[in-house]
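# What the coordinates show
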Amino acid sequence: MKWFETALVVLTVLTGVIWLLDKLVLAKARARRAGLLEEKEPIVVDYAKAFFPVLFVVLILRSFVAEPFRIPSSSMMPTLLIGDFILVNKFSYGIRLPITNKKIIDIGEPERGDVVVFRPPQHPDQDWIKRVVGLPGDTVEFRDNQVFVNGTPFAYQRTGTYEGVGRGAEMTGASVYTEQMPGRSHQILHIDQAAPFHLGEGSFHVPQGHYFVMGDNRDRSDDGRFWGTLPETQLRGKAFLVWMNVDSAAPGWVDWGRIGQSIK
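Rules and cut-offs
- Residues numbered from 1 in each chain as written.
- Predicted model: local features only at pLDDT ≥ 70, side-chain atom pairs only at ≥ 80, totals over all residues.
- Heavy atoms only, no water.
- UniProt positions renumbered as here; feature names shortened; annotations may be inferred.
- Helix = DSSP H or I, 4+ residues; strand = E, 2+ residues; numbered from the N terminus.
- Contact = heavy atoms within 4.5 Å.
- Polar contact = N/O pair within 3.5 Å; in protein donor to acceptor, adjacent residues only side chain to side chain.
- Buried < 20%, exposed > 50% of the residue type's maximum accessible area, 1.4 Å probe, protein only.
- Pairing = 2+ DSSP bridges.
- Axes fitted to C-alpha atoms, helices over the stretch in contact; angles between N-to-C directions.
- Phe/Tyr/Trp six-rings, centres within 6.5 Å; stacked < 30°, edge-to-face > 60°.
- Expected span 1.5 Å × (residues − 1).

## So, the UniProt feature "active site" (unreviewed entry) in the protein chain
As recorded in UniProt, the feature "active site" (unreviewed entry) lies at Ser-75 and Lys-130. Annotated residues spanning 56 residues; largest pairwise C-alpha distance 7.9 Å, indicating a single compact cluster. Assignment of secondary structure puts Ser-75 in the loop between strand E1 (66-70) and strand E2 (84-89). Excluding residues that lie within four positions of it along the chain, Ser-75 makes contacts with Ile-129, Lys-130, Gly-215, Asp-216, Asn-217, Arg-220 and Ser-221. Polar contacts involving the side chain of Ser-75 include one to the side chain of Lys-130, which spans 3.1 Å. Tracing the backbone through its elements, the reader meets Lys-130 in strand E6 (residues 128-134). The exposure class of Lys-130 is buried, given its relative accessible area of 4%. Residues in contact with Lys-130, not counting those within four places in the same chain, are Ser-75, Met-76, Asp-114, Val-115, Val-116, Phe-118, Val-213, Met-214, Gly-215, Ser-221, Asp-222 and Asp-223.

## Thoughts on the sheet that holds strand E11 (residues 175-181)
Read across the sheet, three strands follow the order E10-E11-E12 without closing on themselves; strand pairing throughout is antiparallel. Whereas interior strands pair on both sides, the edge strands pair on one side only; in this sheet they are strand E10 (155-161) and strand E12 (184-190). The mean inter-strand angle of the sheet, taken between neighbouring strand axes irrespective of direction, is 30°. For E10 and E11, the ladder comprises six bridges, and the chain directions are antiparallel. Within E11, the position partnered with Thr-161 by the bridge is Ser-175.

## Quick word on the sheet that holds strand E13 (residues 202-205)
With respect to topology, four strands assemble into an open sheet ordered E9-E8-E7-E13, the strand pairing being antiparallel. Looking along the sheet, the strands with just one partner apiece sit at the ends: strand E9 (152-153) and E13. Inspection of the sheet shows strand E8 (residues 146-149) paired to E9 by two bridges, in the antiparallel sense. Paired with Phe-148 across the strands is Pro-153, a residue of E9.

## Quick word on the packing of aromatic side chains
Applying the stated criterion to the full structure yields eight aromatic pairs. Look at Phe-52 and Phe-56: their rings are 5.8 Å apart centre to centre, the planes differ by 35°, and that puts the pair in the tilted class. With Phe-52 and Phe-56 both in helix H2 (residues 43-64) and four residues apart, this pair spans about one turn of that helix. Residue class for Phe-56 comes out partly exposed when judged on its relative accessible area of 40%. Considering the side-chain rings of Phe-85 and Trp-243, the 5.4 Å spacing of their centres and the 55° angle between planes classify their relative orientation as tilted. Highlighted residues: Phe-85 in strand E2 and Trp-243 in strand E16 (residues 235-245), separated in sequence by 158 residues. For Trp-243, a relative accessible area of 34% puts it in the partly exposed group.

## So, the environment of Val-254
Within the element layout of this structure, Val-254 appears in the loop between E16 and strand E17 (261-262). Separated by 55 residues in the primary sequence, Val-254 and Leu-199 have C-alpha atoms spaced 34 Å apart. When neighbours within four sequence positions are excluded, Val-254 is seen to be in contact with Asn-245 and Val-246.

## Structural notes on H2
End to end, H2 covers 31 Å across 22 residues, agreeing with the expected 32 Å (1.5 Å per residue, within 8%). Three or more residues of H2 are buried, namely Val-45, Ala-48, Leu-55, Leu-59, Arg-62 and Ser-63.

Written as C-alpha cells, this is what we have:
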C-alpha cells in the first residue's frame, strides 16, 4: 500500500534527521551547558535513536530486497489463495526508488509466466497480482477460453475439479486445467458455463514497454482483457514464495501445508 510506504519513508527520514542533528549540534550544546553534570537527552532524541536503525533496515529490505503482500481476492486461484501471505522479489526487474517506483538500476525484465505485483494504471494506489502472458511486441488473443500468442495457442489439459475451502469455496466445482506456456506450465481455473458469452474475448497488441497480464482464475479476474496492457513503470516485483496462509473462513485458519511453497 502506497500510504504505508510513504509513512515509512517519512518516519525514517525524520528520525534520521533528528538523530544526526543531535549528534552534530544538540549533544555538544548540552555538554557545554551541563559542565561536569551530564544533561539528559530529550525524549524525542531518545526515540529517534531507538527507532531510526530499525526503520532504516525495514525500508532498505522492503524497498530493494523483498516485500510482503497479502492476497485479498480469488483472481489467482488455484496458484494463490485468499489469505496467502507472499514475498515479492524487489530487484528482479530493476532497483526502484520507494514511493515514485522510478527505476534507477536496470537488472532484468519479466518473462512469460512470471507472477508479478504491480500498480494498475486505473488504480495507482493499489497493489495487484497477475501472471505475465504477453511480452512487448506480442499479439495476445483470448477466445473460447483459450490464449493465443502471436497466433499460436497455448496447450490445455483438464486435470480435475477444484474443491475450495474458506473464502475460496465459491470456486468449488470449477474445472482445473494445466496451461502450457513455452517452457513452463501452470494451473488455471475455468467455470463451465460461467456466462452465456465469453468474457474478455478479443485481440490485444502489446506495445514496447508494456506487458499483458491475466489472472489464473479466468472467470474471476479483472485483468488486461478488460483494461489493456500494463506499463513497465508500474511493476513492483516478482512473487516467489508463500510464507503463510491465514483464512478466517477456513477450518483451522492457518493452512500449514502452504507455508514455504514457491510460486510458479
